[in-house]
Amino acid sequence: MVDEQNLNFLLAYCISALKQCSSWTHVEILQALAAFVYNNGPKCQKYLPDLLGKNGLLVQFSDSAQPDMELRRAAVRSMANLCLSVPGQPYLDESYRSICFQTFLTVLQSSKTSDVDDITVCMLLRNALKGIQSLLNGGKMKLMQTDQIGSLLAVLKKCMFHGLPGLSIEMPAVLYPAPLPQYDKRLPVKQEQLDPAPCKQTANRRKKSKGKQKKGDSGEEGREDLGDAGNESVLGSDMLKLHLEDVRNSPCSDPRTHAADAAYVPAGKDHLSSHCTSWKRVSSSESEYSDAEGGIQSKMRSYQATVRQGALACFLSVIRSIEKRVLYGYWSAFVPDAPGIGSPKSVSLITIALKDPSPKTRACALQVLSAILEGSKQFLSVAEDANDNKRAFTPFSVTIASSIGELHRCLLLALVAESSSRTLTQIIKCLANLVSNAPYSRLKPGLLTRVWNQIKPYISHKDVNVRVSSLTLLGAIVSVQAPLPEVQLLLQQPSSSGLNNSGSATPHCFSSEQWRRAPLSEGEPPDNPAGCRSSEPCWLLRLCVSIIILPRKDSCSDSSANFPSLSSVYEPCPLRLESLQVLALLVKGYFSMAQSYFLELGEVACRCMEEMDPSVQLHGAKLLEELGTGVLQQYKPDSAVTPDQRVPVGMVVTFWTMMLNGPLPGILQNSPHATLQTSACDALSSVLPEAFSSLQNDQQILCVTLLLGLNHSENPLVKAAAVRALGVYILFSCLRQDVMFVADTANAILNSLHDKSPNVRAKAAWSLGNLTDTLIINMETMGQSFQEEFSDLLLLKMLRSATEASRDRDKVKSNAVRALGNVLHFLQLHHVANPMLREAIEESLQVLISAVQSEAPMKVRWNACYALGNVFKNPALPLGEAPWTTQAYSALSSVVKSCKNFKVRIKSAMALSIPSKRECYGCTEQFCQIWSALVVALQKSEDTEDFLEFKYSASLRMQICQALLHLLSLAKSTDLPVIWETVAENGGGIKSCILQYLKSGAEENKVGTHTDLCERERALKRAIEHLGGIEKQLEGKARVRVSTYLEEVLANHANDAELTQA
């Protein structure tokens, strides 16, 4: 490190020397300058005009017109070192960044001249690539212009293939966003380069990995350090086809066998034998160049590999610097597409992954491809396999589907051909990213099956990282768009499928008594192999459990020495953690398959939570939560699972008894790890209510006591999880009727509602909403007895806290307004008469009205409309008399006409239809305003700027029709003139909507969605009867007009119904 004073002296000296000394000294001076400015860029600010200004020294020396390539290279290196960022220090100004970027780009775009040696060119390109990478990473430079992005991507693509044996391409100056592959001109190369023999090279790679590389990939890495290009194994097209046949025909054998078989070519048919010699296979006596020349060639290949790696690393920085939607415009330039008949295949990242001789470069290409695939779900969601091949053009959706299929094919080829463990790990991670983002429900089945079968043998690979990434891929398969029929079939395959017995580190049957609980078929002998039983668990489930709980075998990877903290008893910790995650994903996505081993999986979770390692405990708690959630989903009212297919309540009680007698309470009480306590709280909140009521009394008390205690935790994560769990428990029928429990829970929730953490307040507001739902349920089921027992002081506290929370941030506000509506619905006459409560009631009503009218998020507004509807249900409130009534009706009338969100309109129309008496709507003027607003809302029910809202328009019309009929059934004689006026003006529109309302009710009745078959017709008849009675009392022309109009509507409906039946 150089202090600032000495650095200033040295920089001034270098700049002066460059200006005054002879040109033959400039290269060495620039080399010294590069060393001085390395990681010292922020300290060089005052010298930047001399170095990077318009006529700066580095700009002059790095110019494309500079004849001395060594001088140009040294200048570019100094410029690249200046671009390095130092954390916490100011970066280059925008003007200097722009100059540097343009200089580096010009260097990369320059063509090689014949008088410059290849190694110097490689060093120059490498420095320019490092400079651009530094600009993108440290300077947070954003590539905005299409030409700028396209120019950079074009040179990066060219550099990615720099010096790649057997391949030379010429790229356009700029790449443009395009849905189809762009033209990249192949330059003619020698026959030896076009058709290198993959056979001997691949076989050689396999033999070395089997024979001489007992300790990981030391041989591979050694070659990489020496040259990083010596392991030349270029796969030809015939080789790829042969591999693909292996993938399809023998998906379950060892990958090493695949490569060995693929490398075999019958001697009599080896018509490529004349070209089966790579540079590495040539002996010194047969070569056309001397040993010194061979060393130069090896060195050159090494430098060329570093250029390709630099280009890929720079591309990775580009991906992180631009928006994904911009990046996907260049998808076809870097991601393979299935070639058309007779057309050449375009080069892509997969070309490098398959053909580059350097394992490090192959890994870099796969890392870039993974970054492109990460977060691509929305882009890939348009993919759809073509059902009809006879098309005049290929739709974009089919092009993307074809690209996804080609990615699967090529990555599986790379999988079976790879020998480097590090690169193998990248291939599998890339596959996992692809699987996580591809829309398999829109693609033809089979893609996941091939991936599933090919990845199985790698679970027993010698390298722990490969095994972990293989499990990650399996986890991606079971979590993507679950449940997928294809994955369901894969999980049902016999467990012996896809694993050969030799060398597998994964047990094939239950070898532990703790897991040996598979029920035997009738008449089956106890010693019958598990693979022969139809009732055995799926292969993946058994694999994960065996890795988690069974002792490790001696044949495990030597690389497990990388994890010295592990006991030698079990598998390496990363492998066990990944197995737990896969098991949790399997339970979450395919619970019906895992439920046969519900108690056994509970034991696995228990054993993990009993261990000392907090990470294992944490994943055990997450598995427990998924098991509990799976049961909850089965018992939901709208669940498609029939009662006989559910996990029996008795078994669920046994399950939770085991948990509460096990390590779960200890973790909740004593664990120093907040994340673990949080997961344990979430797990405890997943108890099935029916099972909780059957637990022993002391266990119920234990659960409640633990949660009430954790609600006072100082850690916001734990406190948020505890208050959320209390919000779940308050809905349990066995607890909600206990006034003392409700009161204790209410105080705990209100305490959390004032916490400084926004997350805690949001969870507390949700729980408060559930608590107030419980008050309404108890009021309806238990009557006044519960209302009288509930403390007035606590009710006031709830009202004030909910009112205050309604002014909080949106996540808190949306549930706070829901709670306000429930509390106001719960109030009795003596509460309303209480002076202490009256002020709080008035304030809370004003908050609700403001929330309806505000520009808050739609969830807040529709909850506020729903809350006002609940307020209107309370007969104790002076609805229609109090001043706030006019404000509430005005707010709802405005929203139902003009709100952009149709769900908010629906909720407001629903609220307007709730008051049960005409007096509740106030004076005639107010009633008529509500009527007119609903008619206008009916006319505007299809007016929307957002197409997504249009799907709710039918529901909106139905709700408005219901509200209109409700108002007609309550109308007074003074209301009729305005009603008749609107009917006269808009009678046709109203009539068609009411007919559709009646018709849709009849259609719903046919499918059994309504219990009362004639409710809508009855509402119309009630309105006719009510209006007819009023109109008979009137004199003159106004008599029987509205009722007659409605009778015509009813008659039309009856005629339509008869025609439909006929």
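Residues numbered from 1 in each chain as written. Predicted model: local features only at pLDDT ≥ 70, side-chain atom pairs only at ≥ 80, totals over all residues. Heavy atoms only, no water.

Some remarks on the overall build of the protein chain
Across its full length, the protein chain carries 51 helices and two strands. Evaluated residue by residue, the protein chain yields a buried proportion of 54% over its 1062 residues. For the protein chain, contacts bridging at least 24 residues in sequence account for 73% of all contacts bridging at least 6. Surface accessibility of the protein chain: about 47600 Å² in total, with carbon and sulfur atoms responsible for 52%. (Helix = DSSP H or I, 4+ residues; strand = E, 2+ residues; numbered from the N terminus. Buried < 20%, exposed > 50% of the residue type's maximum accessible area, 1.4 Å probe, protein only. Contact = heavy atoms within 4.5 Å. Areas by Shrake-Rupley, 256 points an atom, 1.4 Å probe, with all protein chains shown as cover.)

What about the environment of leucine 33?
Along the chain, the position of leucine 33 falls in helix 2 (residues 26–37). In contact with leucine 33, other than residues within four places in its own chain, are Leu11, Cys14, Leu18, Leu51, Leu58 and Ser78.

Focus on the packing of aromatic side chains
Tallying each qualifying case throughout the model produces 18 aromatic pairs. Summarising the aromatic geometry, the rings of phenylalanine 315 and phenylalanine 334 are spaced 4.5 Å apart at their centres and angled 40° between planes, so their arrangement reads as tilted. Placement of phenylalanine 315 in helix 14 (residues 291–321) and of phenylalanine 334 in helix 16 (residues 331–334) is noted, with a sequence separation of 19 residues between them. For the pair formed by phenylalanine 315 and phenylalanine 334, the shared burial category is buried. A ring pair is formed by phenylalanine 692 and tyrosine 729, whose centres lie 5.1 Å apart and whose planes are at 65°; its orientation type is edge-to-face. Placement of phenylalanine 692 in helix 33 (residues 689–692) and of tyrosine 729 in helix 35 (residues 716–729) is noted, with a sequence separation of 37 residues between them. Taking relative accessible area as the criterion, phenylalanine 692 reaches 0% and is therefore assigned buried. Cluster of aromatic residues (ring-pair linked, three or more members): Tyr328, Trp331, Phe379 and Phe396. Residue placement shows arginine 646 over the ring face of tyrosine 635; its charged tip is 4.9 Å from the ring centre. (Phe/Tyr/Trp six-rings, centres within 6.5 Å; stacked < 30°, edge-to-face > 60°. Lys NZ or Arg CZ within 6 Å of the ring centre and 35° of its normal.)

Things to note about helix 7 (residues 118–137)
Along an α-helix, residues three or four positions apart point the same way, because every turn accommodates 3.6 residues. Taking 1.5 Å per residue, 20 residues should reach 28 Å; helix 7 reaches 28 Å between its end C-alpha atoms and fits that length. Counting buried positions along helix 7 yields 15 of 20 residues, so the element is predominantly enclosed. Its side-chain oxygen at 3.3 Å from the backbone nitrogen of isoleucine 119, aspartate 117 defines the N-terminal cap of helix 7. (Expected span 1.5 Å × (residues − 1). Polar contact = N/O pair within 3.5 Å; in protein donor to acceptor, adjacent residues only side chain to side chain.)

Topic: the nonpolar core
Phe315, Ile372, Leu540 and Tyr729 are the most contacted members of the largest nonpolar core, which totals 327 residues. Considering each element in turn, this core owes the most residues, 11 residues, to helix 7. What tyrosine 729 contacts, discounting residues up to four positions off in sequence, is Leu684, Ser685, Val687, Phe692, Cys703, Val704, Leu707, Leu735 and Phe741. (Core = buried A, V, L, I, M, F, W, Y, C linked by side-chain atoms within 4.5 Å.)

Section: helix 41 (residues 810–826)
Between its terminal C-alpha atoms helix 41 stretches 25 Å, which fits the 24 Å expected from 17 residues at 1.5 Å a residue. Across the 17 residues of helix 41, 15 count as buried, placing the element largely inside the fold.

So, the packing of helix 47 (residues 924–939) against helix 48 (residues 953–968)
Contact pair helix 47 / helix 48: the axes reach a minimum separation of 10 Å and the direction vectors enclose 155°. By the angle between their axes, helix 47 is roughly antiparallel relative to helix 48. Handedness of the helix 47/helix 48 crossing: left-handed. Every residue of helix 48 that contacts helix 47 at Phe927, Ile930, Trp931, Leu934, Val935, Ala937 and Leu938 is listed here: Arg957, Ile960, Cys961, Ala963, Leu964, Leu967 and Leu968. Split by residue class, the contact of helix 47 with helix 48 holds 13 nonpolar, no polar and one charged. (Axes fitted to C-alpha atoms, helices over the stretch in contact; angles between N-to-C directions. Parallel < 35°, antiparallel > 145°, perpendicular 65-115°, else oblique. Left-handed = near helix turned anticlockwise from the far one by under 90°. Nonpolar A, V, L, I, M, F, W, Y, C, P; charged D, E, K, R; others polar.)

What about unusual backbone geometry?
A cis amide bond links alanine 482 with the next residue in sequence, proline 483, at an omega value of -5°. With respect to the helices and strands, the residue proline 483 is situated in the loop between helix 23 (464–479) and helix 24 (485–491). Even without glycine at this site, asparagine 39 takes up a positive phi of about 65°. Asparagine 39 gets classed as partly exposed once you look at its relative accessible area, which sits at 36%. You will see that glutamine 481, though not glycine, has its phi angle at about 45°, which is positive. Mapped onto the elements of the fold, glutamine 481 is located in the loop between helix 23 and helix 24.

Describing the pattern of salt bridges
Going through the model one piece at a time under the given rule, you end up with 18 salt bridges. Here arginine 308 makes a salt bridge to aspartate 356, at a shortest N to O gap of 2.5 Å. With arginine 308 in helix 14 and aspartate 356 in the loop between helix 17 (349–355) and helix 18 (359–373), this pair connects stretches of sequence that are 48 residues apart. Residues arginine 807 and glutamate 843 are paired through a salt bridge, measuring 3.0 Å at the closest nitrogen-oxygen approach. Of this pair, arginine 807 sits in the loop between helix 40 (792–805) and helix 41 while glutamate 843 sits in helix 43 (residues 835–853), and the two are 36 residues apart along the sequence. (Salt bridge = Lys/Arg side-chain N within 4 Å of Asp/Glu carboxyl O.)

Re the state of the cysteines
Applying the stated rule across the entire model yields zero disulfides. Free cysteine cysteine 608: the closest other cysteine sulfur is in cysteine 606, separated by 9.5 Å. (Disulfide = S-S within 2.5 Å.)

Digging into the packing of helix 22 (residues 447–455) against helix 23
It is the contact of helix 22 with helix 23, at a shortest axis distance of 10 Å, that shows an interaxial angle of 155°. Classified by the angle between their axes, helix 22 and helix 23 sit roughly antiparallel to one another. The chirality of how helix 22 crosses helix 23 is left-handed. Residue-level contacts link Leu448, Val451, Trp452 and Ile455 of helix 22 to Ser470, Leu473, Leu474, Ile477 and Val478 of helix 23. Split by residue class, the contact of helix 22 with helix 23 holds eight nonpolar, one polar and no charged.

Topic: the environment of glycine 310
Here glycine 310 lies in helix 14. Along the backbone, glycine 310 and alanine 128 are 182 residues apart, and their C-alpha atoms lie at a distance of 9.3 Å.

Re the confidence of the model for the protein chain
Confidence in the prediction for the protein chain averages 81 pLDDT; 79% of positions are at 70 or higher. Confidence drops under a pLDDT of 50 for residues 498–534, and excluding neighbours within four residues, the segment shows 66 contacts in the predicted structure. (pLDDT = per-residue confidence, 0-100.)

Here's the deal with the environment of proline 614
When you line up the elements, proline 614 lands in helix 29 (residues 614–634). The spacing of proline 614 and proline 672 is 58 residues in sequence and 9.5 Å in space, taken between C-alpha atoms.

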